[in-house]
Amino acid sequence: MTKTAVVTAGTAGIGLETALGLAGAGFSVTVVGRNADRGDQAVGRINATYPARPARFLPADLGSLDQVRALADRIAAEHAVSGEPLTVLVNNVGAMFPERQTLDGIEASFVVNHLSPYLLTELLLPTLTAGAPSRIVNVTSSAVGLAKRAFDTVEPPGGYYGFHWYGRANLAYTLDLATRLEGTGVSVFAADPGGAATDMTNDTLTDPKIVSPALRLLWPLVRRKFERSTSGPASLAARPSIVAATDDTLAGQTGIVIGAQARPMAPLRAATDARVAQDVRRLSERHAPLTLTAT
């Protein structure tokens, strides 16, 4: 039976390397992104490297929850018609903003780093469950260690600093989802890519506004530290996602974090607090409801 995978933000960087790795493992890969030209180039590279399992591109701006809903509807409908299982979903999308921004009136980093993958995952759960055994891989970040203990609002307390807020709810949701889905045949993993030289890191590390005012005074030192940690190739940073999606030794397991060395590691304590998971779930349901109310 055909193994299929969806990789969001898969047109470049870690996402493209993840898609290549999955294609090499025998998956038919759907690459999702907002730029059609980059999508065509990515699919062309995958198909030239692994022609046996043709890849395809689906356009979607993952910063728009409406487009996420439309994407989920399309993928679910296609699998229902074809009868092929959806084997793997890799939520690779992520962003970091030096200045506070909003998308559809919601703080942008919360939309892109959490609400978008949350909504896509939840809407595709029936498809993933029907295709079990299947896997969900959420790409997280070590920056989740800076998350606050509880989330009463999507707005950061004490001011907005992009680095501190990056990926703050992702891991808590992933671990909570793994517990929810126990016994369904759907395994849930978090993948921490560590550091890699990508467009996002290259752009954001030039702006000291991504950290708090106290750290801005030391920004030259802080920046050099993170530049060293993000100097690795995207292909290496994609290894945790590929392992989480394909490693046979992980079959039947769930709720595991695959660290930057592509090995299981203990999750950060900040993301294991049941109160954090409850607050994240409540905020997610409020800002990205799974069922829209007719107006």
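Quantities reported herein were computed from a predicted structural model and do not represent experimental measurements.

Engineer: Which parts of the structure should I look at to understand the packing of aromatic side chains?
Structural biologist: Aromatic rings in a pair are described by how distant their centres are and how their planes are angled relative to each other. Considering all chains together, one arrives at one aromatic pair under this definition. Relative to Y173, the ring of Y118 has its centre 5.3 Å away and its plane inclined at 75 degrees; by these criteria the two rings are edge-to-face. Remark: Y173 occurs in helix α6 (residues 170–180) and Y118 occurs in helix α4 (residues 108–130); sequence separation between them is 55 residues.

Engineer: Help me understand the packing of α4 against α6 in this model?
Structural biologist: Relative orientation and spacing of two packed helices are given, respectively, by the angle between their axes and the distance between those axes. Axis separation between α4 and α6 bottoms out at 10 Å; the angle between their running directions is 15 degrees. Judged on the interaxial angle alone, α6 and α4 are roughly parallel. Viewed along their axes, α4 and α6 form a crossing whose handedness is right-handed. Residues N113, H114, Y118, T121, E122 and L125 of α4 pack against N170, Y173, L177 and R180 of α6. Classifying every residue of the contact of α4 with α6 gives four nonpolar, four polar and two charged.

Engineer: What is the right way to look at the confidence of the model for the chain in this model?
Structural biologist: Predicted coordinates in regions of low pLDDT should not be interpreted in detail. Here the chain averages 85 in pLDDT, while 77% of its residues score no lower than 70. Note on residues 145–150: pLDDT is under 50 here. Beyond four places in sequence and across chains, it has 12 contacts.

Cut-offs applied
Residues numbered from 1 in each chain as written. Predicted model: local features only at pLDDT ≥ 70, side-chain atom pairs only at ≥ 80, totals over all residues. Heavy atoms only, no water. Phe/Tyr/Trp six-rings, centres within 6.5 Å; stacked < 30°, edge-to-face > 60°. Helix = DSSP H or I, 4+ residues; strand = E, 2+ residues; numbered from the N terminus. Axes fitted to C-alpha atoms, helices over the stretch in contact; angles between N-to-C directions. Parallel < 35°, antiparallel > 145°, perpendicular 65-115°, else oblique. Left-handed = near helix turned anticlockwise from the far one by under 90°. Contact = heavy atoms within 4.5 Å. Nonpolar A, V, L, I, M, F, W, Y, C, P; charged D, E, K, R; others polar. pLDDT = per-residue confidence, 0-100.

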